[in-house]
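# Geometric and topological summary
Residue strings, one per chain:
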Amino acid sequence: MERVKRSLDSLTQQTEKNFNVIFVDYGSDEKYKNEISRLVSGYSFCRYVYNNTRGMPWNRSHALNTGIRMVEAGFVFTADIDMIFKTNFVKTLLSEKKDRAVSFFSVNYLPQNFSDWNNPEIKIYEKSKNFALGLALLPVTLLNELRGYDEFYCFWGQEDNDMKHRLDKAGVQTKFYDREALMHHQWHQPSTASEKELPAGWRVFQNDYFHSKKELVTRNENMEWGKLFLENERVSLQMMNDPLTTFSLHNGSSSFFIFDLMRQFKNLPASGTLVFEFNDVNSAAHLQSRLGKTISFLQRKTDVLNIPVNLVSKFRNLYTTVYEVRDETIIFILSNKDIIADYCLFMDEKKFKVVVFKK
């Protein structure tokens, strides 16, 4: 919350006041939603928008597109909530804007122990390089032509680099503005790349997707890009949280889980619903075995010593974890996104659930 306040406070100090902010909250839990909406309401230039995407993976492309579809001005600047803006930030943007051109901007990285928030420019810090393309000034008409950022990229992805490639492919002039860093990035814990956060091989998978689409400038075909889910529209979320919902139970392999899900979805009529649940019985039992406990103990030791080793039981292929089921379900959803009206996912260490609505 403090990072958000510092970011918005810096915008109140702009020498040029001709701007507005669309603040997209991408599915925060109720507690954080209430806190952040109260904070944002205190800034006259800021509009708070809640996209009820709870139960869906984080998707920066979708979050950006939600705001882009609401922009009434001719240009939009894409930014995250951890930026502190210099006082000449907006003034510089106005001098840089061009109808058929896009500028990407550099940022200073503030260190972890930074605390002098009244003087963020007191020292020279590391600056982002020209492959960091998340901070961009774009004409709205151009974004509409391209149908926004590609919403295939979720969890963590290449949406910015993909956009740059598509702009180049469309013959749009692009440049990296680095005469000065107009922003300071506030340090925060980086997103982890463990199996709990990302599907297995996700970076390679998304890179394969990037190369498969390199010739296509327009994206998000056959779908409502930037869709805003209102709080009372997510029937899948309501079913997920309803204790009376009866799920189809599985506790075998991830392959059979996804096979059964695909088979039933294929035969599902329009507006039909599937509710599937996987219970991790075998891997949980293995972790409590003598072998499982020994492997867990040794893994903790290698982690402490920073030894890049992943210890795996020789019986590992005999059981399926919730992460493997989650990974295959994500691929299923992405490959059927044009015919899925809504979906909701839930996962803890022992259980995975999915609710899917067909268009």
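Preceding block: the structure.
Below, the structure is looked at part by part. (Residues numbered from 1 in each chain as written. Predicted model: local features only at pLDDT ≥ 70, side-chain atom pairs only at ≥ 80, totals over all residues. Heavy atoms only, no water.)

## Things to note about the overall build of the protein
To be explicit about the condition: Helix and strand definitions follow DSSP, with helices as H or I runs of at least four residues and strands as E runs of at least two, each counted in order from the N terminus. We compute the radius of gyration from the C-alpha atoms alone; for a globule the expected value is 2.2 Å times N to the 0.38, where N is the number of residues. Three exposure classes are used, based on accessible area relative to the maximum for each residue type with a 1.4 Å probe and protein chains only: buried under 20%, partly exposed in between, and exposed over 50%. Only heavy atoms matter for contacts: two residues are in contact if any of them lie within 4.5 Å across the pair. With residues, only the protein chains shown are counted as cover, and all accessible areas are computed by Shrake-Rupley using a 1.4 Å probe. Positive charges come from Lys and Arg alone, negative charges from Asp and Glu alone, with His and the N- and C-terminal ends not counted. Where a charge lies is defined by one atom per residue type: Lys uses NZ, Arg uses CZ, Asp uses CG and Glu uses CD.
When helices and strands are tallied, the protein shows 12 helices and 13 strands. Its C-alpha atoms give the protein a radius of gyration of 23 Å, near enough to 21 Å, the size a compact globule of 359 residues would have. Its C-alpha atoms give the protein principal-axis dimensions of roughly 65 × 55 × 40 Å. Across the 359 residues in the protein, those meeting the buried criterion constitute 47%. Pairs at least 24 residues apart make up 78% of the contacts formed inside the protein by residues separated by at least 6 positions. Summing over all exposed atoms, the protein offers an accessible surface of approximately 19,500 Å²; the carbon and sulfur share of this is 52%. Within the protein, the 44 negative side-chain charges are centred at a point lying 2 Å from the centre of the 47 positive side-chain charges.

## Some thoughts on the pattern of salt bridges
Let me state the cut-off plainly: By convention in these notes, a salt bridge is any Lys or Arg side-chain nitrogen within 4 Å of a carboxyl oxygen on Asp or Glu.
As enumerated under the stated definition, the model contains 19 salt bridges in all. For Arg100, the salt bridge is made with Glu145, and the minimal N-O distance between the two is 3.1 Å. Taken together, the residues Arg100 in the loop between helix 4 (89-96) and strand 5 (101-105) and Glu145 in helix 5 (residues 140-146) connect sequence positions 45 residues apart. Taking the relative accessible area as the measure of exposure, Arg100 reaches 44% and is therefore partly exposed. Judged by its relative accessible area of 43%, Glu145 is partly exposed.

## Description of a nonpolar patch on the surface
The criterion, for reference: Distance thresholds for patches are 9 Å for like charges and 5 Å for nonpolar side chains (Val, Leu, Ile, Met, Phe, Trp, Tyr), applied to residues having over 30% relative accessible area and no salt bridge.
There is a patch of nonpolar side chains on the surface, built from Val304, Leu305, Ile307 and Val309 and spanning about 380 Å² of accessible area. By the secondary structure assignment, Val309 is in the loop between helix 11 (290-304) and helix 12 (322-335). Under the relative-accessibility criterion, Val309 is labelled partly exposed at 37%.

## With respect to the side chain of Asp150
What counts here: Residues adjacent in sequence count toward polar contacts only when both atoms are side-chain atoms; beyond that, a polar contact is any pair of N or O atoms within 3.5 Å, and within protein one must be able to donate a hydrogen and the other to accept it.
Counting through the fold element by element, Asp150 comes out in the loop between helix 5 and helix 6 (159-169). Among the polar contacts listed, one links the side chain of Asp150 to the side chain of Arg219, at a separation of 2.8 Å. Ignoring sequence-local partners within four residues, the contact set of Asp150 consists of Ser61, Asp162, Arg166, Tyr209, Arg219 and Asn220.

## Re the pairing of strand 13 (residues 351-358)
Look at any regular strand and the pattern is simple: side chains alternate between the two faces of the sheet. The test is simple: Strand pairing requires that DSSP identify at least two bridges connecting the strands.
Of all eight residues in strand 13, seven are buried, a share of seventy percent or more. Bridging between strand 11 (residues 273-279) and strand 13 involves seven bridges; their strand directions are antiparallel. Across the sheet, Phe278 pairs through a bridge with Phe352, a residue of strand 13. Relative to strand 13, strand 12 (residues 340-347) is paired through seven bridges, and the arrangement is antiparallel. Among the inter-strand pairings, Phe346 is bridged to a residue of strand 13, identified as Lys353.

## Concerning the sheet that holds strand 6 (residues 108-109)
One open sheet accounts for three strands, arranged 4-9-6; its pairing is mixed. This sheet does not close on itself; its edge strands, each paired only once, are strand 4 (83-85) and strand 6. Where strand 4 meets strand 9 (residues 183-185), three bridges bridge the pair, whose relative direction is antiparallel. Among the inter-strand pairings, Ile84 is bridged to a residue of strand 9, identified as His184.

## Overview of the sheet that holds strand 12
For clarity, the threshold we go by: Lines are fitted to the C-alpha atoms to define the axes, a helix being fitted only along its stretch in contact, and any angle between axes, read from their N-to-C directions, falls within 0 to 180 degrees.
What the four strands build is an open sheet, ordered 10-11-13-12; its pairing is mixed. What marks the edges here is a single partner per strand, and that holds for strand 10 (248-250) and strand 12. Along the sheet, successive strands turn relative to each other by an average axial angle of 15°, direction set aside. Lying on the sheet, helix 9 (residues 254-266) is in contact with strand 10, strand 11, strand 12 and strand 13; it crosses strand 11 at an angle near 170°.

## Structural notes on the nonpolar core
Defined as follows: We define the nonpolar core as a collection of buried residues of types Ala, Val, Leu, Ile, Met, Phe, Trp, Tyr and Cys that are connected through side-chain atoms lying within 4.5 Å of one another.
Phe257, Phe332 and Phe352 are the most contacted members of the largest nonpolar core, which has 31 residues in total. For this core, the secondary structure elements donating two or more residues are helix 7 (202-212), helix 9, strand 11, helix 12, strand 12 and strand 13. Among the elements that take part in this core, helix 12 stands out by supplying seven residues, more than any other. Filtering out sequence-adjacent residues up to four positions away, Phe352 remains in contact with Phe257, Phe276, Glu277, Phe278, Val322, Val325, Arg326, Thr329, Leu345, Phe346 and Met347. Counting residues in each nonpolar core, the second largest holds 25 residues, with Phe19, Phe85, Leu93 and Leu137 among its members.

## Let's talk about the packing of aromatic side chains
The relative placement of two aromatic rings is captured by the distance of their centres and the angle of their planes. We apply this condition: Two rings from Phe, Tyr or Trp (for Trp, the six-membered ring) form a pair when their centres sit within 6.5 Å of each other. Planes less than 30 degrees apart are called stacked, planes more than 60 degrees apart edge-to-face, and all others tilted.
A full pass over the atoms with the stated rule returns 20 aromatic pairs. Consider the rings of Phe77 and Phe89, whose centres lie 4.9 Å apart with planes at 80°: the pair is edge-to-face. Placement of the pair is Phe77 in strand 3 (residues 75-78) and Phe89 in helix 4, with a sequence separation of 12 residues. Per residue, the accessibility class of Phe77 equals that of Phe89, and both read buried.

## Section: the side chain of Arg326
Here Arg326 shows up in helix 12. For Arg326, the side chain forms a polar contact with the main-chain oxygen of Leu198, separated by 3.5 Å.

## Here we look at helix 6
Along helix 6, the residues that are buried comprise Glu159, Asp160, Asp162, Met163, His165, Arg166 and Leu167. Turning to helix 6, the residues buried within the fold contact helix 3 (60-68), strand 5, strand 7 (136-139), helix 5, strand 8 (173-177) and helix 7. Positive phi shows up at Gly171, right after helix 6, with a value of about 80°.

## Some words on unusual backbone geometry
The phi dihedral of Arg147 is positive, around 60°, even though this residue is not glycine. If you trace the backbone, Arg147 turns up in the loop between helix 5 and helix 6. Judged by its relative accessible area of 25%, Arg147 falls in the partly exposed class. For Phe155, which is not glycine, the phi torsion reads 65° and is therefore positive. With respect to the secondary-structure elements, Phe155 resides in the loop between helix 5 and helix 6.

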